[in-house]
Amino acid sequence: MARSQKAVVVAVVAAVLIASGVASAFAFAGHARGAHPAATQVTPKPVRAARSAVRTLPALRRLTPPDAMVTLPAPVTAHQLARVKHLYDVRAVAVADQGDMNVGGHRVRVLGLALGARGFTPRFTAVSRPLWLSLLRGDMTVDFSLAGRMRNALGATLPVSGRGASLHSVRVGAFATIGLGATQALVDSSMSGALRLSLHRVLIVSAPDRSIDGLRSDLQWVLGPRAHVHIVRPQQVNQAVISVYAQSVIPAGYLRLYRAAAATCRGLPWTVLAAIGTVETGNGANTSTSSKGAMGPMQFLPSTFVAYAVDGDGDGVANIQDPADAIYSAARYLCAWGAGLGGQSLYAAIFAYNHADWYVRAVIRLAVAYS
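Residues numbered from 1 in each chain as written. Predicted model: local features only at pLDDT ≥ 70, side-chain atom pairs only at ≥ 80, totals over all residues. Heavy atoms only, no water.

A. Seen up close, the layout of surface pockets. Of the voids in this model, the largest pocket is the one considered here, and its volume is about 370 Å³. Forming the walls of the largest pocket are 21 residues, and the residues nearest its centre are P65, P66, P234, C335 and L341. The class makeup of the residues in the lining of the largest pocket is 10 nonpolar, 6 polar and 5 charged. (1 Å grid on protein atoms, 1.4 Å probe; cavity = no way out; pocket = protein on both sides within 12 Å on 5 of 7 lines; lining within 4 Å. Points joined across faces, edges and corners; volume = space filled by probe spheres on them. Nonpolar A, V, L, I, M, F, W, Y, C, P; charged D, E, K, R; others polar.)

The following block contains the structure:
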């Protein structure tokens, strides 16, 4: 329901977040000071970000959506890194650390990332300064796809353990759409050593003008046959696939708008947009204002609509009650949260639209029925 203004990540619990001049907050703040049950039987050592010097958050200079993530069998060498950076049309490269860890009883794939590389995450994750300041202080950010299972963890300090690591504790400071392959949690790379993550084993590569086959081939050539290249660039979706069921239950005008609006976000299936419109208002059948003030065919809060508004019908006005404007704006909203990346990121983007696991499951079930 696009319930949180700009739905900026759940950064620093109980805070009201400011990103791009728009305030937003998340509903899990009630757990800000609650101890997680998994943490009550242990006394782990707290992990903190390195403090050898005064550290500040690097400025976000540009967004560099990732096209590939490479997992290496050994730490990347300076020579390999230089060769990757000089590959044709490679725009940006980041080195990261990785490991599977037990976080408060949940198995989580954790990435240790230098904060200067935040431009690789989806747009509104990247621009959320409170989130990255939380990481700078030594907190962990968890992907929205785990928010249902770890709902009580937000703001809690949890025991974490992994390969060969002694028991430590880390505070969960935020939920967000991470959008980096199978990554389920982020920490500042200054914490990677203490958490015993595998250091310098992941390369994140942005090369938007390269073909997938060409990029994969070049990375394999430079890094060797044991390097695992995972393409994370959104794939083009065939928006023409429509089930007989979808044609029978979705009004023709809405069906056309869903397909056209989804095409503005590479990788976003029209069926997901249509499923949200169905769950929210029955494809415009009931656009009455909700108890929380959401309105229109896609049930935006007016303040959220302003942040994402698109003039979908080209009449010069973006109207929250107009189906074209609302549907195109919803596509923009989902795209900003990484919906086009598919898989875990699609789940997280739908969760950002309405913070409830039942809602995500309902949307996905309908989307499958519509395809």
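B. Up close: the pairing of strand 8 (residues 157-162). Direction of pairing for strand 5 (residues 92-103) relative to strand 8: antiparallel, over a ladder of 3 bridges. Counterpart to M101 in the pairing with strand 8 is G162. Across 4 bridges, the pairing between strand 8 and strand 9 (residues 168-176) is antiparallel. Bridge pairing in strand 9 places V160 opposite H168. (Pairing = 2+ DSSP bridges. Helix = DSSP H or I, 4+ residues; strand = E, 2+ residues; numbered from the N terminus.)

C. Broad picture of the environment of S192. Considering the arrangement of structural elements, one finds S192 in the loop between strand 10 (185-188) and strand 11 (198-206). Residues S192 and Q98, 94 residues apart in the sequence, show an inter-C-alpha distance of 8.0 Å. Apart from the residues lying within four places of it in its own chain, the contact partners of S192 are D97, G112, L197 and L199. Of note is the side chain of S192, whose polar atom sits 2.7 Å from the side chain of D97. (Contact = heavy atoms within 4.5 Å. Polar contact = N/O pair within 3.5 Å; in protein donor to acceptor, adjacent residues only side chain to side chain.)

D. Spatial organisation of the nonpolar core. One finds M150, I250, Y258, W270, L273, M298 and Y353 to be the most contacted residues of the largest nonpolar core, which totals 71 residues. The greatest single-element share of this core, amounting to 9 residues, is contributed by helix 9 (residues 323-336). If sequence neighbours within four positions are ignored, L273 has contacts with Y258, A261, A262, M298, I327, A330, A331 and L334. Counting 22 residues, the second largest nonpolar core, distinct from the first, contains L113, L135, L136 and A176. (Core = buried A, V, L, I, M, F, W, Y, C linked by side-chain atoms within 4.5 Å. Buried < 20%, exposed > 50% of the residue type's maximum accessible area, 1.4 Å probe, protein only.)

E. View of helix 9. Compared with the 20 Å implied by 1.5 Å per residue over 14 residues, the 20 Å span of helix 9 between its first and last C-alpha is a close match. Burial runs high along helix 9: 11 of the 14 residues are buried. For helix 9, the elements touching its buried residues are helix 2 (123-126), helix 6 (252-262), helix 7 (270-281), helix 8 (302-308) and helix 10 (343-353). For helix 9, the capping residue at the N-terminal end is D322, with a side-chain oxygen 3.1 Å from the backbone nitrogen of A324. Of the residues flanking the end of helix 9, it is G338, one or two places downstream, whose phi is positive at about 90 degrees. (Expected span 1.5 Å × (residues − 1).)

F. Structural context of helix 4 (residues 212-223). If you check helix 4, its first and last C-alpha atoms are 16 Å apart, about what 12 residues at 1.5 Å a residue would give, namely 16 Å. The complete set of buried residues in helix 4 reads I212, G214, L215, L219, V222 and L223. Along the long axis of helix 4, the arc covered by the buried residues comes to 165 degrees, so they all point the same way. The outward face of helix 4, more than 90 degrees from its buried face, is lined by the exposed residues D213 and W221. On its buried face, helix 4 is in contact with strand 4 (68-71), helix 1 (78-85), strand 11 and strand 12 (228-231). Phi for G224, located one or two positions after helix 4, is positive at around 95 degrees. (Arc of directions from axis to C-beta.)

G. How the structure looks around the side chain of D357. Following the sequence through the fold, D357 ends up in helix 11 (residues 357-370). When its relative accessible area of 15% is taken as the criterion, D357 is described as buried. Aside from chain neighbours lying at most four places away, what touches D357 is A147, G148, R151, Y347 and F351.

H. Geometry of the packing of aromatic side chains. Taken as a whole, this structure holds 13 aromatic pairs when the rule is applied. Ring plane angle 65 degrees and centroid distance 6.0 Å describe the contact between F300 and Y353, whose orientation is recorded as edge-to-face. You can see F300 sitting in the loop between helix 7 and helix 8 and its partner Y353 sitting in helix 10, a full 53 residues away along the chain. Relative accessible area serves as the criterion here: at 1%, F300 is assigned to the buried category. (Phe/Tyr/Trp six-rings, centres within 6.5 Å; stacked < 30°, edge-to-face > 60°.)

I. Main features of the pattern of salt bridges. The final tally for this structure, using the stated rule, is 6 salt bridges. Measuring nitrogen to oxygen at the nearest pair gives 2.7 Å for the salt bridge that ties R233 to D67. Here R233, found in the loop between strand 12 and helix 5 (244-249), pairs with D67, found in the loop between strand 3 (45-46) and strand 4; they are 166 residues apart in sequence, far enough to count as distant. Both residues of the pair, R233 and D67, count as buried. R91 is the partner of D209 in a salt bridge, and the nearest nitrogen-oxygen pair spans 3.9 Å. Pair noted here: D209 is in the loop between strand 11 and helix 4 and R91 is in the loop between helix 1 and strand 5, with a separation of 118 residues, a long-range link. (Salt bridge = Lys/Arg side-chain N within 4 Å of Asp/Glu carboxyl O.)

J. Spotlight on the state of the cysteines. Taken as a whole and assessed by the stated rule, the structure comprises 1 disulfide. The residue that forms a disulfide with C265 is C335, at a sulfur-sulfur distance of 2.3 Å. Taking the sign of the S-S torsion, about 85 degrees here, the bridge from C265 to C335 comes out right-handed. Taken together, the positions of C265 in the loop between helix 6 and helix 7 and C335 in helix 9 put the pair 70 residues apart, joining distant regions of the chain. Accessibility expressed as a relative area gives 2% for C265, which makes it buried. (Disulfide = S-S within 2.5 Å.)

K. View of the confidence of the model for the protein. Averaged over every residue, the pLDDT of the protein is 84; residues scoring 70 or more account for 84%. Counting interchain partners and residues more than four positions distant, the pLDDT-below-50 stretch residues 4-44 has 103 contacts. (pLDDT = per-residue confidence, 0-100.)

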